[in-house]
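Chain by chain, the residues:
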2 protein chains.
Amino acid sequence: MGASTKQGYDIAIKSREIIRELIKDDIKELNPAEKDIVERIVHSTADPEYAKLVSMSSDFVDISLKSLKNNDPILTDINMVKSGITQYEGEVECYIKNKDVVKISKDNKITRAAASLIYASQNDFNGILVVGNAPTALYAAMDLIDKKEIKIKSIIGVPVGFVGAADSKEELHKTKIPNIITNGPKGGTPVAVACINSLIQTHKEI
Amino acid sequence: MGASTKQGYDIAIKSREIIRELIKDDIKELNPAEKDIVERIVHSTADPEYAKLVSMSSDFVDISLKSLKNNDPILTDINMVKSGITQYEGEVECYIKNKDVVKISKDNKITRAAASLIYASQNDFNGILVVGNAPTALYAAMDLIDKKEIKIKSIIGVPVGFVGAADSKEELHKTKIPNIITNGPKGGTPVAVACINSLIQTHKEI
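Just so you know, the residues in each chain are numbered from 1, in the order the chain's sequence is written. Both sets of labels track the order of writing: A upward for chains, 1 upward for ligands. Restriction of local features to residues with pLDDT of at least 70 applies here, the model being predicted, together with a cutoff of 80 or more for giving and counting side-chain atom pairs; totals for whole chains, interfaces and linings are based on all residues. Side-chain numbers here rest on the full set of heavy atoms in the structure, without hydrogens or water.

This brings us to the interface of chain A and chain B. Every contact between the two is made by 37 residues of chain A and, on the other side, 37 residues of chain B. Simply put, the buried area is the total loss of 1.4 Å probe accessible area from both parts when two parts are fitted together. When the area that chain A buries against chain B is broken down by residue, the three leading residues are M80(A), F162(A) and V163(A), summing to 26%. By salt bridge we mean one thing: a side-chain nitrogen of Lys or Arg within 4 Å of a carboxyl oxygen of Asp or Glu. At the surface where chain A touches chain B, the tally comes to two salt bridges. Among the ionic pairs, D47(B) bridges to K186(A), the shortest N-O distance being 3.8 Å. Think of a polar contact as two N or O atoms within 3.5 Å of one another; within protein, one of them needs to be a possible hydrogen donor and the other a possible acceptor, and neighboring residues in sequence only count if both atoms come from side chains. Summed over the shared surface of chain A and chain B, the number is one residue pair in polar contact (both at pLDDT 80 or more). Polarity classes work like this: nonpolar for Ala, Val, Leu, Ile, Met, Phe, Trp, Tyr, Cys and Pro, charged for Asp, Glu, Lys and Arg, and polar for all others, with Gly in that last group. Among the residues forming the side of chain A that touches chain B, the class breakdown is 15 nonpolar, 16 polar and six charged. Working rule for contacts: check all heavy atoms of both residues, and any pair within 4.5 Å makes them a contact.

Spelled out as structure tokens, the structure:
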């Protein structure tokens, strides 16, 4: 759970016990790997409401674990999300500061987060997309998948905000792309990081 | 507000308008710089409850702005927080992976976040401390300040979690150290980053 000392580990264990009690009714239908994702999201936000907000497609965990086993790259929308993913053997990329991405963004008048997806498609990305902040990155991903210009194994789509975020997640969840979302405006970096780190830990344990 | 394109900027402006309407009653007693901090926290979490949870000492903004003007270093508890602070001219440090810190942590059986504060004290740190995650970092800071072994201008103390976080913040808020906290278990990286980035923006505008 990110703890590297006994003191940190003890805190994490006790926290998990409290969380399990708080949200057990909301997650009773989930399998162990899915439960771990939701518990870890609540752990990282101290917000039990997330247990009611998370929705994932039935294939999300399996496809994501296969992708991690394959050492596929992980692409994040912003560097804050990337910094939270420290235990993966494969590559973790964020293109937001890449010069080509800045150029694509300016030329097309789109956000750099959206431009990152175009750049990824031009560089044969084929892995897991983790979006904690930018709805525009989710829309760009869905558009490129639709046009068969990019391959994405699964999407952690949890952008946060009162404008656009909820709609982008609802739209993603209607697609056939293996996905996890948080319904409504809430989401963000810790939610995205909790989700991918839970998967990485499950992948290492199996 | 972190946006670098018109599309991103428009989203941020509209989001702020929604937030101001949602939380205006909770923040009416605050001055403009304080209001901006709270609005930005709600913007980054999409959680209006934060407007009720934030408490700051009356000297927090003034002392922090003076420290930023002085180009004092900013120390963060974890790298995720550091990654979110991209617009400051001064140094932004995180010692969690520093070899000396790992040794201090092992030797003293304390978390690496707490060991970071001891390392900072040994290296004459004198700036703003930003804690988004580790209550142990807050306790270490309070202890070292108490023993006059470290100088800290102000503390953003918003660790998240069901174990220890709330107590550590309550204790910090009782001290004379200029501080901002979130009451209760909630807090975390986006809250910490929103707070310091709001101050950095205010500092640049005055």
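Right, let's get into the pattern of salt bridges. In total, this model carries 22 salt bridges over all chains according to the counting rule given. Here D143(A) ties to K147(A) by a salt bridge, and the two come within 3.4 Å at their closest N and O atoms. Judged by relative accessible area, D143(A) falls into the partly exposed class, the value being 39%. The buried label goes to any residue with under 20% of its type's maximum accessible area, the exposed label to any with over 50%, and the partly exposed label to all in between, with areas taken from a 1.4 Å probe on protein chains only. Accessibility expressed as a relative area gives 46% for K147(A), which makes it partly exposed. One salt bridge in this structure joins E39(B) and R16(B), with 3.2 Å as the shortest N-O distance. Here the residue E39(B) occupies a position in helix α2 (residues 32-45), and R16(B) occupies one in helix α1 (residues 6-23), the gap between them amounting to 23 residues. We note that E39(B), like R16(B), is buried. Where salt bridges share partners, they join D47(A), E49(A), K186(A), D47(B), E49(B) and K186(B) into one cluster. Secondary structure elements are taken from DSSP: a helix is a run of H or I of four residues or more, a strand is a run of E of two residues or more, and numbering for both begins at the N terminus.

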